[in-house]
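Spelled out, the chains give:
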Amino acid sequence: MTAFHDLLARPLRSLRLSVTDRCNLRCSYCMPEEEYAWLPKRDILSFEEMGRLAEIFVALGVDKLRITGGEPLIRRDLEKLLAELARIPGVQDLAMTTNGILLAEKARLLKDAGLHRLTVSLDSLDPERFRRLTRRDDLDRVLVGIDAMIDAGFENSKLYTVVIRGTNEDEILSLLDFAREKQLELRYIEYMDVGGATAWSREQVVTRGEILRTIEKAHGPVEPILEPHSTAPADGFLLADGTRFGVISSTTEPFCGSCDRSRLTADGTWFLCLYARTGVDLRSPIRAGWSKDQLAGLIRRSWMAREDRGAEQRLEQEGRQALAGAEEMKANPHLEMHTRGG
Ligand code: SAM
Ligand code: SF4
Ligand code: SF4
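Just so it is clear, the structure is predicted and the values come from calculations on it, not from any experiment.

S.K.: What's the story with the site of ligand 3 in this structure? I'm lost.
M.R.: Ligand 3 sits among 14 residues. The nearest are C256, C259, C273, L274 and A311. Comparing atom positions with the cavity grids shows ligand 3 to sit within the largest cavity. For the shell around ligand 3, the secondary-structure elements that each account for two or more residues are strand 10 (261-264) and helix 10 (310-315). By residue class, the composition of the shell around ligand 3 is seven nonpolar, one polar and six charged.

S.K.: Got a minute to help me understand the site of ligand 1 in this structure?
M.R.: Surrounding ligand 1, one finds 20 residues, the nearest of these being Y29, G70, T97, S121 and M192. In the model, an oxygen atom of ligand 1 is placed 3.2 Å from a nitrogen or oxygen of the T98 main chain. Note that an oxygen atom of ligand 1 is positioned 2.6 Å from one of the side-chain N or O atoms of S121. Compared with its free state, where it exposes 550 Å², ligand 1 has 95% of that area covered by protein. One can see that ligand 1 is located within the largest cavity. Mapped by element, the contributors of at least two residues to the shell around ligand 1 are strand 3 (93-98), strand 5 (158-163) and strand 6 (185-190). When its residues are assigned to classes, the shell around ligand 1 shows 10 nonpolar, eight polar and two charged.

S.K.: In this structure, what is going on with the sheet that holds strand 11 (residues 269-271)? I would like to understand it.
M.R.: Sheet strands pair via backbone hydrogen bonds, and the direction of the pair is either parallel or antiparallel. Across the sheet, 12 strands lie side by side as 7-8-9-6-5-4-3-2-1-10-11-12; this open sheet has mixed pairing. Looking along the sheet, the strands with just one partner apiece sit at the ends: strand 7 (223-225) and strand 12 (280-281). Strand direction decides the pairing type here: strand 2 (residues 64-68) and strand 3, joined by four bridges, are parallel. Within the sheet, the bridge partner assigned to L65 lies in strand 3 and is L94. In the packing of helix 6 (residues 172-181) onto the sheet, contacts are made with strand 5, strand 6 and strand 9 (244-248), and the angle to strand 6 comes to roughly 150°.

S.K.: Sorry, what's going on with empty space enclosed by the protein here?
M.R.: Empty space among the atoms becomes apparent when a probe as large as a water molecule is rolled across them. Taken as a whole and assessed by the stated rule, the structure comprises one cavity of 30 Å³ or more. Of the pockets and cavities examined, the largest cavity occupies roughly 950 Å³. Lining the largest cavity are 50 residues, with Y160, I189, M192, M337 and G342 positioned closest to its centre. Looking at the lining of the largest cavity, the elements with two or more residues in it are strand 2, strand 3, helix 4 (127-134), strand 5, strand 6, strand 10 and helix 12 (337-340). No other element matches the three residues that helix 4 contributes to the lining of the largest cavity. Taken together, the residues that form the lining of the largest cavity break down as 28 nonpolar, 11 polar and 11 charged.

S.K.: Hey, could you run me through the layout of surface pockets in this one?
M.R.: Volume-wise, the largest pocket comes out at about 550 Å³. Lining the largest pocket are 27 residues, and of these K64, R117, R187, A232 and P233 sit closest to its centre. If you list the elements that add at least two residues to the lining of the largest pocket, you get strand 1 (14-18), strand 2, strand 3, strand 5, strand 6 and strand 8 (235-238).

S.K.: Whenever I open this one, the nonpolar core confuses me. Can you help?
M.R.: For soluble globular proteins, the rule of thumb is that nonpolar side chains tend to be buried together. Judged by nonpolar contacts, the single largest core of 106 residues is most densely connected at Y188, F245 and W270. Here the element with the most residues in this core is helix 1 (residues 47-59); it accounts for seven residues. If we ignore the near neighbours within four places in the chain, the residues touching W270 are L12, L15, F57, S262, R263, L264, G279, V280, L282, I299, S302 and W303.

S.K.: Can you help me understand the pattern of salt bridges in this one?
M.R.: Side chains that differ in sign of charge can pair as their charged atoms come close. Applying the stated criterion across every chain yields a total of 33 salt bridges. Notably, a salt bridge pairs K182 with D147, separated by 2.9 Å at the nearest N-O pair. In this pair, K182 is assigned in the loop between helix 6 and strand 6 and D147 in helix 5 (residues 139-151), connecting sequence segments 35 residues apart. Among the residues examined, K182 registers a relative accessible area of 22% and is labelled partly exposed. Salt-bridge contacts for E185 lead to R244; the nearest nitrogen and oxygen are separated by 3.6 Å. Of this pair, E185 sits in strand 6 while R244 sits in strand 9, placing them 59 residues apart in sequence. Salt bridges linked by common partners bring R42, D43, D267 and R283 together as one network.

S.K.: I keep staring at the side chain of T98 and nothing clicks. Help me out?
M.R.: Summarising the element assignment, T98 is placed in strand 3. We classify T98 as buried; its relative accessible area is 2%. Here the side chain of T98 touches G100 through a polar contact of 2.9 Å, landing on its backbone nitrogen. Ignoring any residue separated from it by four or fewer positions in sequence, one finds T98 in contact with E71, P72, L73, L103, L118, T119, V120 and S121.

Criteria and thresholds
- Residues numbered from 1 in each chain as written.
- Chains lettered and ligands numbered in written order.
- Predicted model: local features only at pLDDT ≥ 70, side-chain atom pairs only at ≥ 80, totals over all residues.
- Heavy atoms only, no water.
- Near = heavy atom within 4 Å.
- 1 Å grid on protein atoms, 1.4 Å probe; cavity = no way out; pocket = protein on both sides within 12 Å on 5 of 7 lines; lining within 4 Å.
- Sits in = over half its atoms within 2 Å of the grid points.
- Helix = DSSP H or I, 4+ residues; strand = E, 2+ residues; numbered from the N terminus.
- Nonpolar A, V, L, I, M, F, W, Y, C, P; charged D, E, K, R; others polar.
- Polar contact = N/O pair within 3.5 Å; in protein donor to acceptor, adjacent residues only side chain to side chain.
- Areas by Shrake-Rupley, 256 points an atom, 1.4 Å probe, with all protein chains shown as cover.
- Pairing = 2+ DSSP bridges.
- Contact = heavy atoms within 4.5 Å.
- Axes fitted to C-alpha atoms, helices over the stretch in contact; angles between N-to-C directions.
- Points joined across faces, edges and corners; volume = space filled by probe spheres on them.
- Core = buried A, V, L, I, M, F, W, Y, C linked by side-chain atoms within 4.5 Å.
- Buried < 20%, exposed > 50% of the residue type's maximum accessible area, 1.4 Å probe, protein only.
- Salt bridge = Lys/Arg side-chain N within 4 Å of Asp/Glu carboxyl O.

Here it is, written out as structure tokens:
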């Protein structure tokens, strides 16, 4: 395979595979509405279709796969897909992002299926706040799920926390303590103006600088971990006692210049940027019987025409607001973060 790049010289290395647009939580920054338009069942790719597409992406140079959603663990028999993906030669990193609710039941199955690592989203350790933030009373299940993940022997797993002013910025330190106790790396995420975040405002964004200052006040100087060739979205930091943590500053200090990520929705629409308004339909061609070479050609051509740098462009916008309003997303659910996969 000859290497290829997009118009900004970025290779295609990473694919996020959303296995469902459904979710068992209703996080205020992602699914705040009462009602949603769901992807039609008939459009949802089978595991066989997802596996075939993943294999083509890997043959084109992708070596990192991340399963996401919606909530990936509500897709039945997910371990079967994982086992298939784990067998594809060339996959260096097979990860999953989950809200952790179903982890206690599934962690062992996921490990046995060949999943390498997990990221669990956790925004509060306070049960009442967790309930308000997610509209479900399930903090205990997430905490038990995190322990099950550790017991199952997953290494290099992480916790993700979206920090929102007026909501949970007072838990920056307690969540770091919790992660340290569990020997997990915590990554703080700046609140993003993605589809779904209809209540987003600039004022609610707790910036990377603010997060670092809060931590420095309590723990002394933090040292940046320099990884010159990294394309990871998080910047890593080290505390004097050796604790590592990360900050994903997509909102105030985006990193589009090194972005090698793309996203495939559960219905086979391929988005080349988190903020893209349209994606490439891969479901119709795969169902029309296109060969591997034809599909690979479409993927390659689409990537070579890519010039997206959504987060950087939004930084330049006056009166910045969420990508789309609730009504627009009802008409076009692909704009939703829970559809395209975080
Ligand atoms: N349901 C799973 C979960 O919550 O981990 C996977 C899908 S979720 C869309 C993936 C990640 O996106 C989560 O870590 C979530 O916190 C993050 N996310 C969703 N909306 C966000 C927003 N407006 N700003 C920042 N992160 C967001
Ligand atoms: Fe929350 Fe993830 Fe569900 Fe969105 S997809 S509502 S972030 S659990
Ligand atoms: Fe990549 Fe788009 Fe996110 Fe920029 S905004 S880092 S181009 S996905």
